[in-house]
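This is what each chain is made of:
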Amino acid sequence: IEKGYQYFNLLLSQINPDPYFLLLVCATICYVACGIYIYKNSKNILLSTILLFCVAFPFFASGLRQSIAMVIVLFAYPLIKKGKILIPILLILVAAQLHISALVALLWFIRKYIPKKPSFVIPTAVCVAILSASGILNGVLSIVLKEYKNYFESENAGTGWLGIFYYCLRAVVFFVLIYVAYKDTLENSLEISNAVLLLLTVCLGFSVNLFNRASLYYLLVATIDIPNAFNSGKMKNRDVLMLGMGVIMLAYFLVTLIARPEWNNLYPYEFWWD
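Nothing here was measured: the structure is a model prediction, and the numbers come from that model.

## Here's the deal with the overall build of the protein
- Helices and strands together make up the secondary structure of the protein, namely 12 helices and zero strands.
- By the burial criterion, 46% of the 274 residues in the protein qualify as buried.
- For the protein, contacts bridging at least 24 residues in sequence account for 72% of all contacts bridging at least 6.
- Taken as a whole, the protein presents about 14500 Å² of accessible surface, with 68% of it coming from carbon and sulfur.

This is how it looks when you write it as structure tokens:
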């Protein structure tokens, strides 16, 4: 466990040793910070709130150290869009002290070199998914990610494909919507680059489903990028699309909560009346 998170726990234990105090503080940090970010940056607060609930609520209840890291990284994103370098890097490095996976946010700095056209991105994503599912990428990834080598031989390898398939479809939809909204600023669009990174990272989940956790940094940002894309004025049938997205994502959340609760990592897994 990263030193930053250990010190964080040590500090909280000096204030109140009750473990529920840790949960209270983590929840407060995550939800207050996300609420502030949505209020300042989203052009559709309601839709951003729905998306945040669907994609972050389960993880905020279980992945405490990464959740805080995700929120810290979230505030680096608009600074990078403005061309800032030093402060965003410092924020990402601080987040990495809580969870090393936060370093994936550094890829935002190479947005100019990330392919963005659907004619290239989607076939590439399909290839990545096929290579991941075949196991061909496992050897390469286990060498590159030495610290996580055991994951490529664990029960997380080559499992959970139904959920990963849904996440891939969701990422494709997000990518297409964001591309339509921001294609006029194709070269410098961090929104499109983030959507591409989200899609490709999720596709790696066919190799080891824990790649979905790394994609959450990009997904959390998308909860604001998507509503803003709808409000760009370039979407036909905008209201219908927003309603459909909100209903589908809420339905998926509720169905998995009942049918496959282990996908959501919520505790307890049973309703109070069971």
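## As for helix α10 (residues 190–203)
- With 14 residues, α10 extends 20 Å from end C-alpha to end C-alpha; this agrees with the ideal 20 Å at 1.5 Å per step.
- Along α10, 13 of the 14 residues are buried, which leaves the element largely enclosed by surrounding structure.

## Here we look at the packing of helix α7 (residues 118–134) against α10
- The interhelical angle for the contact between α7 and α10, taken along N-to-C directions, is 20 degrees, at an axis separation of 8 Å. As judged from the angle between their axes, α7 and α10 are roughly parallel. In terms of crossing hand, the pair formed by α7 and α10 is right-handed. For the pair formed by α7 and α10, the contact residues are V121, T124, A125, V128, A129 and S132 on the first element and V196, L199, L200 and C203 on the second.
- Looking at side-chain class alone, the contact of α7 with α10 contains eight nonpolar, two polar and no charged residues.

## Comments concerning the packing of helix α9 (residues 161–182) against helix α11 (residues 211–230)
- In contact at an axis separation of 10 Å, α9 and α11 are set at 40 degrees when each is read in the N-to-C sense. On the basis of their axis angle, the class for α9 and α11 is oblique. The handedness of the crossing between α9 and α11 is left-handed. Residue-level inspection shows I164, Y167, R170, F174, L177, I178, A181 and Y182 of α9 in contact with α11, the latter providing N212, L219, A222, D225, I226, N228, A229 and F230.
- Looking at the contact of α9 with α11, its residues break down into 12 nonpolar, two polar and two charged.

## Quick notes on unusual backbone geometry
- The phi dihedral of N237 falls on the positive side, at around 55 degrees, and the residue is not glycine.
- If you trace the backbone, N237 turns up in the loop between α11 and α12 (238–259).
- Judged by its relative accessible area of 60%, N237 falls in the exposed class.

## Side note on the pattern of salt bridges
- Enumeration over the complete set of coordinates arrives at three salt bridges.
- The partner of E2 in a salt bridge is R65, with the nearest N and O atoms 2.3 Å apart. Of the two residues, E2 sits in the segment before α1 (3–15) while R65 sits in helix α4 (residues 64–74), which places them 63 residues apart along the sequence.
- Taking the relative accessible area as the measure of exposure, E2 reaches 16% and is therefore buried.
- Between K81 and E191 there is a salt bridge whose closest N-O contact spans 3.3 Å. Residue K81 is found in helix α5 (residues 77–81), and its partner E191 is found in helix α10; the two are separated by 110 residues along the sequence.
- Its relative accessible area of 37% is what places K81 among the partly exposed residues.
- On the basis of relative accessible area, E191 is assigned to the buried category, the value being 10%.

What counts and how
- Residues numbered from 1 in each chain as written.
- Predicted model: local features only at pLDDT ≥ 70, side-chain atom pairs only at ≥ 80, totals over all residues.
- Heavy atoms only, no water.
- Helix = DSSP H or I, 4+ residues; strand = E, 2+ residues; numbered from the N terminus.
- Buried < 20%, exposed > 50% of the residue type's maximum accessible area, 1.4 Å probe, protein only.
- Contact = heavy atoms within 4.5 Å.
- Areas by Shrake-Rupley, 256 points an atom, 1.4 Å probe, with all protein chains shown as cover.
- Expected span 1.5 Å × (residues − 1).
- Axes fitted to C-alpha atoms, helices over the stretch in contact; angles between N-to-C directions.
- Parallel < 35°, antiparallel > 145°, perpendicular 65-115°, else oblique.
- Left-handed = near helix turned anticlockwise from the far one by under 90°.
- Nonpolar A, V, L, I, M, F, W, Y, C, P; charged D, E, K, R; others polar.
- Salt bridge = Lys/Arg side-chain N within 4 Å of Asp/Glu carboxyl O.

Limitation: the analysis is restricted to geometry and does not speak to function.
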